[in-house]
Each structure stands twice: as C-alpha cells, then as structure tokens.
Amino acid sequence: MYAADTSTPFCLEGMDLAGVQDRSSEANVIVRLNSDTTILRLIPYLNKRQAAEAALTRFGFERLPAPGRFSEAGQYRLAWAGRNCWHLMCSPADATEEQELKEVLGGLAAVTNASDGLFRMEIAGKDAASLMAKGCVLDLDHFLPGHCAVTLMAHTRLHIHRMSGKVYELMMPASHAASFWEWLCMSAAEFGMDVELAANDEPASAA
Amino acid sequence: MSGQINRLSGGRRINPEKPLRFTFDGKSFVGYEGDTLASALLANGVTFVARSFKYHRPRGVFTCDPHEPNALVQLRNGARQEPNIPATMIELYDGLEASSQNRWPSLRFDLLSVNQLLAPIFVAGFYYKTFKWPAKFWTKIYEPVIRRAAGLGRLSGKIDPDSYEKTHHHCDILVIGGGVAGIEAARVVAQCGARVTLVEEHARLGGLDSAGFEDSIARLEAMENVRILPRTMVFGWYDDNTFGAVEQVSDHLEVPGANQPRQRMWKIVTKQVILATGAHERSLTFANNDRPGVMLASAAERYIREYGVRPGRRAVVFTAGDKCDALVETMREAGIELAAIVDASKGEEIEDVRGSTAVRAVTLRGPDGRTRTIACDLVCVSGGWNPAVQLLAQRGQKPRWSENHQAFLPQHMAGDDFLCTGSLAGLETRADCVAHARMTGALAAHRYSCPASANLAEFYGFLEKAEASAARHPFFESAVGGSKKFIDLQHDVTRGDVALATREGYRSVEHVKRYTTMGMATDQGKNSNIHGIAAMSKSLGKSMGQVGTTGFRPPYRPVSIGALAGRSRGRQWRPILRTPLHGWVEEKGGVFVESGLWHRSQYFPEPGETMQQAIKREVLAARNTVGFCDVSTLGKIDLQGPDAAAFLNKVYCNGFAKLPVGKARYGLMLREDGIVFDDGTVTRLGEEHYFITTTSAESDSVLSHIEFCHQVLWPQMDIALADVSEDWAGIALAGPHARSVLQRIAPDMDVSNDAMPFLAAREGTILDGVRARLFRISFSGELAFEIYVPARHGRALAEALECEGQEFGITPYGVEALDVLRIEKGHVSSELNRFTTASDLGLGMMMSTKKDYVGRTLSARPGLADSDREAVVGLKPLDPSHSFRQGAHIFSKGAAIAPESDDGYVTSSAWSPTLGSHIGIALVRRGRERLGEVIEIVDPLHGERPVPAEIVSHHFFDPENERVRS
C-alpha cells in the first residue's frame, strides 16, 4: 500500500536522469544506477577475525580481503570498506541474506544493513577514467580490477571498486547522491553520458 | 593580406588560407589562423597598443611570451570580458574583440597621461610619503583617486557564464617545457615505457625555434605512453611532487565549445620531473627603453620567422655582447634594414630613444664618447638570458649567480626526483640543449629502472664544461642618458626609483622590491628583477650574487580564480545533503533551510500563510492534535559487542550498564575537558546491541570521538561501531493523537502505553512489512514516537502518516516548529555551545558519581564548579508581546550597560503559540538563584530597546512531564 517506488533510486528523486547527450557522437560514459543490491556491513569482534573468515566460506570466501581489495564469488562480493570493516554485497538484492549472515557470524562480527545508506552507481565507457580523474585523487592506472578504496570525490566520501578495465563502481552516502549527481552530469558533459537504470544487472566481474 | 602592411610570407605558424577578422579598440583588422593578437596587430602596423600602469606612457609589444609586460589588453565583451591578458598569448579567432586599457578616453588621447608630468611626485614609496594627512582623506579621497588613475583593466562585474574544472593526473615522469630540450628529454625517457607527461604553456611545442624538430614532435605525439598538454602552464610545485597546472582549454575560442570548460586545473603527481622551463631573454636599461618599437631581439626574430610579421622596417640592435647572427639574418631575409648593431661589450650604448607613440630614432654613444642619431622604428634589445628558475625556487632553492653566464642558475641541477636541462641549466646553444636533454632523458629512464645508461657525473660534467666556456659580458644598464630608464615596464619602476630606495636605506632585495613594487606586476619580475638586482648591486657596491634574488612563490604566472574554484561555485561550492524525505517535502511545498550541509524542511506554508503563521499552526497541531517532523538528519550509530555496555558507561557521563533491553535513555557526553560535547539517546536493542542517536550538528564529530575512544583509549574493548546514519529515515510523530496514528501504520505492533511506555523501544514491521524501529522518545514535550525505517521507505512512511493521520488533523512540521516546541519544553540544544557544563545546563544530576567516564576528572575543575557561572534559565518578558533575539545580553535592572555588568546572554528565543508569549532560554550568571528576578534583555548590536523580563524556569510547558508519559 505504501511501498517505496523502486523505479528511481530514492536519493535521486527529482533529479534529471536523462544523461547528457549534447554531443553528436555517442556517449563515452555510461552510468548505471543500481539500487537492487544488498550491502551488509560486517565488523569482526576482537580476535574473531579468523573465525569470521572461516564462517564466510558459506558465501564462497576463504578470507576477508586485505585493505584496498575485494573479491567475488557468484552473486557475492566481499570488499574491504575501512578499518576492520568489510562489505558483503549481494546482487540482485536478497532480503534473506542479512539474517543468514547474522546467523553465520553470530558472536563473531557485528552485521548491519547498509543497502539504503549507500547509493551505488557504476561508471563505464571509454572516458570513464577521465571522468573519474576529475574528482578522484587516486592513480587510476595503478588502481587495478579487484582494487577498492575509500576516498573523496566531489566533496563526497565514497567507496570505489575497480571492476574491470573501464568499469568503476562507486558507493556513496545516500544523502550526498543528488549533489554528487549534479557534479557528475556537469563533469561528464564533455564526454556525453548515458544513464541506465539497472533493476537487476549482472554482477560485474573483477578481472 | 589586405591591410596587413607588415605581413611577410612564410610564417611557420601562420595559415594564410584562413583569414580571421578581429577588432582592437573598435577598429577592424584581419589576421591569420596561427596569429596571436600581438602578431596580428604588428602585421597590421599597430605598434602602440597600451598605456603604462602609473605614468600612462605609450607602450608597444615587447615580447613574444606570456610574461609580456606592456601589451596587456581587455579581451572580449560582456560577462566574458577579461582584463590584463597579454596580447602575446591571445590566439586569434574570428570575431575576436579586444581593447586597450588603463586610458581615458582613448589610447591615443589619454587624459591620465598627465601623470607623466607628475613623475617627480610618483617616485618609489610615494604613497607613504605624499598622502599622509589628513588621515581620513586616505580612504575617502586619496586611495579611490589613485586606484582609479592607476588601475589596469576592469572586470565586467557580471557572473562568468563559463565553467572551470579540475582534474587529477598521475605520471612517472613530468617534463615541464615543450621546447627542444623538453621534447628530446621526453622522447628519450618515454622509450623506456614510463608514463610521461609533457606540459607546454604555448599552443604548440617547439619553444623558441622548433625548426628541424618536427619529426621528434610527431614521434613523441605518437607514443601511447606520452601525454602532451599544450596551452598548459605549471604554476606551482608543491609537496610530494604535486604540481598545479592550468590548461587553457577554450581561451583561444570566442566561446567554449559545447560542454567544454574554459580552463581546467590539473593536479599532477609525478615520481620524477624534468625541468626544461627554458630561459627568458632580458632587456637592457637605457633611457626611454619603453617606447613602442623597443622589443626583445628574440621576440623580433620570432615574429618574423614564426608569424611572418615584420615588426619594423629599419632596426637598431642593442646587445650586451651577443652577435645576434640569427636575428640579423632573419631581418635581412625579411627585408628589414639593419641600421646599426650597438654592442655594449665594445663600449657602445644607446643614450636615448626618440619618439613618443613610436620609436623614431636612437641616439648612440660610442666608446670615444661621440654621439650620433640614427633614424629607426625598431630597437631590438638583447641583454642576455635569465634561466626560468622560478619553479625550483618555489621548492626553497635559492638561485646561484654565475659570473660566466651572468645569470642566476638553479642552485642544484639535479635532485633525487628532478633533473634540469636546456637553457634553464645555462646551456646557450641548441646543440648543447639537445645533447644534454637526451642525456637527461636517459638518466631519468635509468632512474625509472629501465635498461638505459646515464650517470650524474656525465650530466654535471656537461653543464660544468658549458659554464666554464661561457663568457657573457657583464652589462645591464647604459650609464648615459638622462630620461627615464625603466627597470619594471609594467609597474613603471625606473632605475631612479631603485637608486632612491637604496639611498633611503633599503638594503635587502626583498625590501626594495616591495618599496618600489619592482617585480610585483603580472610578469612577476621576469623582465625586471635582474635589472633591479643589477641596479642595487651598483648602488650598494655589492656583487650580483650578494644582492641575490627575491623569493618566488606560486603561481608562476597569474591564475584565474575560476580555475582555482573549479566546479565548486554556486550550488556546487559545497555538497547539499538531502534526507530521504526531501522529495516528499518538496512535493508538499515545504521550505528548506540550510542546516550545516543539510537541506532540512523549515516549515510547510499553506497558501497565503506567512512563515510565522505556518510555524504557529504547526506548533499548535503538535500540541493539540498530531504532527510529524523529518528527523533523519540525526546521527545514528550502531554499537554491538560484549563490551558495548561498558563502553557506553565510559563515553557517557550517565550510566548505561543497567539499561534494560527495549529501553532508551537520554545520554550526555562530555569532552575530555569536562565541557558538554553532545546529547542524544541510547537504546538497548539486544543484550549486546545498542542504537545511539546524536544531534544532527555533531554526528560526525561524535562518531570520530567514540572511534578515537575505542581505537586509542580502550582498544581492548570488544565492540563494533558502525555509522548507520544514512541507513535509516527517521520521523518524529508528536501530539495527543500520535499513538492512534502510529497504531494505524503499525497494526502488528502493540504501541499502547502499557506495552510501550515512555522511553520504550521496539523493533517490528510497519507499512505492510517494512522493518522499523519505534522509540517512545519526545523532544517536543508531547506524547511522541520516533519511527525509523530503511531510508528508501522514508517517503512511504511520510505518505502513510499523512494519510492515516488525516482523520486526526495530522500536520507536518519543520525545524522552526520543532525548535519552538523544544524551547517551550525547555530542552537544551543551542545551549550546548562548547562552553557549558552539565551543571550549567541543569543536567548536573546526570553526572554519575559511581563510575569513571570521559571528562569526569576535568569537570571537577574549580572554574567549572564556580557558583558564579552562567546557568540555564527561562526568560519571560513582562509584556508577552515584547520580542528579543538570540544573542541579546542580560543585565540586572538598572545596571550600567557595560561588559563588566553583563550577566549572560539569550541562547534561544521564540514566540510561543502555546503560552501566548515570547519566551527564551538564556545562560545567566547564578541563574538558578535568580528565579523571579526581573532583568533587562539588551541588544545593542541591533539597537533595540531593552526588554524587561522575568527569570523563570526554562521548563515552560508541562514541567511535570505528564504529556510525554500519557
């Protein structure tokens, strides 16, 4: 009756999602918006990291990735997300994952659901790196597939995952999304930018 | 070539197939693609293009470079108008409009040239000597008049319609300078596969003379690992090999292309840098050396060779020993008559330059003292070369004086992460530059761990040999001639000004610079400093090395403010944070207010309502029926772990160890120094699971504080902290009918007073399956609940409340009404102002005496327990209609309005619709002892009349808390 509208990410409500197609040639940047992902934040308790790693085999992971790295297994991605913090991502979203992870990690790690707090978008295309460089201080040539970082872009603290050669995934606080979107549209204008609303996208894979 | 009376054929940069129309001072001209405005003006015979800064003397094009001191023009019209742009750097485009500046009413007839007659007054430091009294005249008369008379161009005063942006770039080797040395160094080092970036401030690579290097440039451009940034100026060298550069993306166009910025600022981070910044030719100091037609020799040569422009028809060359063979040959080929070469190394000097708006003749003095006058319209000056050491000097290198080169060279030609080459390193021939640049490129490649061979001994040996063989004649100024001899052309600083400064006791080059303003113009002394130093050397009897150079700081040359701001202007100057209900608030016509970075709903006006009327309606709805308010901005922290309760006990001053599961408690947090930090609520969701809320304003700092406590103070505590502020949308539902409305959206949860009494918390599902957290918490003083749902359901929750509450007259309210409600209730908020203690706030009883916590020790300092401290109280004006402002001061009745009798200040004020009176909260000295006392509220800042008011309890409404427990 009062269900949330899932056609547009709630944090971009009212924003122009048409992209920027002022150029005669095709867009060199493609932005894919995806709100259909479960993002679970897990924080191992003191001296419980190894046990937590062992428990995560249920999701296909043998260990928690090192700082600045993520790994993938099936529909899951496990990414370092800061000091003693990781994100377990599941795409498409699965409402049962939170409870399952809580059960698996009971007493080993705190689990919270960040699916709504983190807005996720994918930036791809020929000029993806050039667009990223306008806001990101990382050396993207050395930021390889499988790498991730917590950094600033356009005043916004966000998580960046390098998915493949020209595909980056960004996760930012939902409250910043609209402001970031305005910056993104302006910065991508010279490349041309197509926007795709991905309700159920295939998980991109790290090479 | 219609009208281009000085156009030659064969300019390397010129495309005669593409004529371009442009105007200067409203007059139409034609140039060619490849021209600069300077070259096009010269081609059209326009040699008088500007007036000088102070004396308004006629000036012409002096250089071919960005540091042009004379030919500064105003470019474009309207909002895109830009002042002080060197005509030498303006690439011609069709329709270009430029005008001269610093003249009135016209360039030829400039009334302000009367300043030339006042020259005896306008000497160095004349501000300080002349306009000293009466003192008040300075700001009202002297300064405005001086600024009007001495300014250069003007800004349009309109908003710049173009965009600017920033980008980041990383490379292994950064080569600064795209002359032959830079090209060759980049080409060699790039062969090792390193990521090489070559930055050149001109539109094309090649520097002074690119002839024969076309293949090298083409090969370089074809290399995939090389990035070439033309039209890009490196303006600063910062820590950790970070460089600032500005790319003039669209400055060469009338209007930027679709979606193109005008300029782009690059932050470049590199592992190594090769500096091939070249050298700037210098002038010589002689009488009237500023007349239009006096030009650097290299500039004249480049105008002829590169642009196909004849800068004059009959030339005199004045040199400090250079043979100027190339110039002589170039002029001969261009059909320019060489009237004389005046070689200072042979004792010849120019005594004077005749002419006003153009050179007509020069008077020469030979070694025998005899003079002769030669008719000419061009004086080419070559005083030697100044290596462009500015970037190195920004890193703290003091340039060293080389007697052989008669120039300041880099103190260190190489460091762990940089190498100098080309004419920056003192090399004077193209062959030397190329050979050393290749050596430098190989050395850089070696450093990059590639199979290339080079060593520093060879690198240094080459330079030492070149310096040993250099033998420049030490000549900077002509000793003869009586007219003005300009040192700084742009700021009209003369040889006499420097001499005066030294006579007045100035000894440091830095002081002379500031006293005379020498080197402080837009060219930043690139034309003038060396001559100022030479003049000081002579006046003080010191060597050039002893006088030394001034310091060089970023930027290397002027950078537009727009480039520094980038996208951070207008709405984008900082991020705007939106709550999950933002769209819904917009839809309801809510008015937003900036609260930190957040845009929060301020109030919801109905048609025809004023803000005050809307606030009153919203407050009364919450008091009498039911209202709801977006509280998503509150900080939210998830705390879990075996030591969670113990941790809370340490960070809050009140106890949490015994807080039962399913209960919330108000928490007060102190800083280490005992001052109140923040307040909020803590709810125990499970045995080892807590949900903490903080104020919106302090959410980040509270999180940082407790992370610090965990990571540094008590790392042994087994807890997990997560910032979940963004995960949840929050709505406060308040009013007598709050429970009824809540029950409708949460039919599966028992929210009765028995099941959910005051400070109870429950988790469950609402809205047909949406998980939710309900808290029986009240900030308004009413029966109230805070409802949290996953953020994406925030709008749905608001819609549901609006719909289900319709029967009860539900009303959304904004932060203004929220503030009124909390002031009526007497909850502290803005009173937590980083100066107040718990006791000041009336919360002293919350400070546990049974446990230790952050801030406990220092909260017992005598100063914080002083009975004379200000304490929180309420204020009620004797006349309820009398308003007063937050920030107004409290004085005892009849006390003098003076700081020493100040008794406190108002921290919150509002019109209370509930009480029908203005009310306020204040921090008043010994406030709690003074309940019932009538004081005066004084607001001298706003000049308002004192308001008599009674000190009362700040709990204006429902002091017994009956409503929150109902």
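Residues numbered from 1 in each chain as written. Chains lettered and ligands numbered in written order. Predicted model: local features only at pLDDT ≥ 70, side-chain atom pairs only at ≥ 80, totals over all residues. Heavy atoms only, no water.

Caption draft 1: A look at the overall build of chain A. The secondary structure content of chain A amounts to four helices and eleven strands. For 207 residues, the compact-globule estimate of 2.2 N^0.38 gives 17 Å, and the C-alpha radius of gyration of chain A, at 17 Å, lies within 12% of that figure. Expressed along its principal axes, the backbone C-alpha trace of chain A runs to roughly 55 × 50 × 30 Å. Among the 207 residues that make up chain A, the fraction classed as buried is 61%. Across chain A, the fraction of contacts at a sequence separation of at least 24, relative to all contacts at a separation of at least 6, is 68%. Of the roughly 8100 Å² of accessible surface on chain A, 51% is carried by carbon and sulfur atoms. (Helix = DSSP H or I, 4+ residues; strand = E, 2+ residues; numbered from the N terminus. Rg over C-alpha atoms; globule rule 2.2 N^0.38 Å. Buried < 20%, exposed > 50% of the residue type's maximum accessible area, 1.4 Å probe, protein only. Contact = heavy atoms within 4.5 Å. Areas by Shrake-Rupley, 256 points an atom, 1.4 Å probe, with all protein chains shown as cover.)

Caption draft 2: Representation of the sheet that holds strand E17 (residues 337-343) of chain B. Residue and element names in this part refer to chain B. Taken together, the four strands give an open sheet; going across it, the order is E15-E21-E16-E17, and neighbouring strands pair in parallel fashion. Edge positions in the open sheet fall to strand E15 (294-296) and E17, since each of these has one partner strand only. When the angles between neighbouring strand axes are averaged without regard to direction, this sheet yields 25 degrees. Pairing between E15 and strand E21 (residues 378-382): three bridges, direction parallel. Note that in E21 the partner of Leu296 across the bridge is Val381. Across the sheet, helix H6 (residues 297-305) lies against E15 and E21, angled at about 85 degrees from E15, the strand it touches most. (Pairing = 2+ DSSP bridges. Axes fitted to C-alpha atoms, helices over the stretch in contact; angles between N-to-C directions.)

Caption draft 3: Here's a closer look at the packing of aromatic side chains. Residue and element names in this part refer to chain B. With the rule as written, the count across this model stands at 24 aromatic pairs over all chains. Taking 5.5 Å as the distance between ring centres and 45 degrees as the angle between the ring planes, the aromatic pair formed by Trp584 and Phe628 counts as tilted. Of the two residues, Trp584 is situated in helix H16 (residues 582-587) and Phe628 in strand E32 (residues 627-630); the sequence distance between them amounts to 44 residues. Trp584 sits in the buried class, given a relative accessible area of 2%. Phe628 sits in the buried class, given a relative accessible area of 2%. Considering the side-chain rings of Phe647 and Trp714, the 5.8 Å spacing of their centres and the 85 degrees angle between planes classify their relative orientation as edge-to-face. Taken together, the residues Phe647 in helix H18 (residues 644-651) and Trp714 in the loop between helix H19 (699-713) and strand E37 (720-723) connect sequence positions 67 residues apart. When its relative accessible area of 0% is taken as the criterion, Phe647 is described as buried. Ring pairs connect the aromatic residues Phe691, Trp728, Phe775 and Tyr788, which therefore count as one cluster. (Phe/Tyr/Trp six-rings, centres within 6.5 Å; stacked < 30°, edge-to-face > 60°.)

Caption draft 4: View of empty space enclosed by the protein. Residue and element names in this part refer to chain B. Scanning all chains against the criterion turns up ten cavities of 30 Å³ or more. When its volume is computed, the largest cavity comes out at roughly 170 Å³. Among the elements of the structure, strand E22 (385-387) and helix H13 (529-540) are those that each provide at least two residues to the lining of the largest cavity. Element by element, the count of residues in the lining of the largest cavity is highest for H13, at three residues. Here the lining of the largest cavity is composed, by residue class, of seven nonpolar, seven polar and one charged. (1 Å grid on protein atoms, 1.4 Å probe; cavity = no way out; pocket = protein on both sides within 12 Å on 5 of 7 lines; lining within 4 Å. Points joined across faces, edges and corners; volume = space filled by probe spheres on them. Nonpolar A, V, L, I, M, F, W, Y, C, P; charged D, E, K, R; others polar.)

Caption draft 5: Fine view of the interface of chain B and chain A. Contact with chain B, which involves 52 residues of that partner, is made by 50 residues of chain A. Carbon and sulfur atoms supply 46% of the area that chain B and chain A bury against each other, a total of about 4300 Å² over both sides. Among the ionic pairs, A:Glu13 bridges to B:Arg795, the shortest N-O distance being 2.3 Å. Residue assignment for the side of chain B that touches chain A shows that the elements contributing at least two residues are strand E8 (164-176), strand E13 (263-275), strand E29 (577-578), H16, strand E33 (635-640), E37 and helix H21 (794-804) of chain B. Considering each element in turn, the side of chain B that touches chain A owes the most residues, six residues, to H21(B). (Buried area = accessible area lost by both parts, 1.4 Å probe. Salt bridge = Lys/Arg side-chain N within 4 Å of Asp/Glu carboxyl O.)

Caption draft 6: Summary view of the pairing of strand E41 (residues 784-790) of chain B. Residue and element names in this part refer to chain B. The element E41 is largely enclosed, with a buried count of seven among its seven residues. Two strands pair when backbone bridges link them, and strand E38 (residues 728-734) and E41 are joined in this way by seven bridges, in the antiparallel orientation. The partner of Leu733 across the bridge, within E41, is Phe785. Relative to E41, strand E40 (residues 770-775) runs antiparallel, the two sharing three bridges. Bridge pairing in E41 places Arg773 opposite Tyr788.

Caption draft 7: Seen up close, the pattern of salt bridges. All names here are of chain B. As enumerated under the stated definition, the model contains 79 salt bridges over all chains in all. A salt bridge links Arg13 to Glu306; the nearest nitrogen and oxygen atoms lie 3.1 Å apart. Placement of Arg13 in the segment before strand E1 (15-24) and of Glu306 in the loop between H6 and strand E16 (314-319) is noted, with a sequence separation of 293 residues between them. Take Arg13: its relative accessible area is 15%, and that puts it in the buried class. For Asp251, the salt bridge is made with Arg262, and the minimal N-O distance between the two is 3.0 Å. With Asp251 in the loop between strand E12 (242-247) and E13 and Arg262 in the loop between E12 and E13, the pair connects residues that are eleven residues apart, well separated along the chain.

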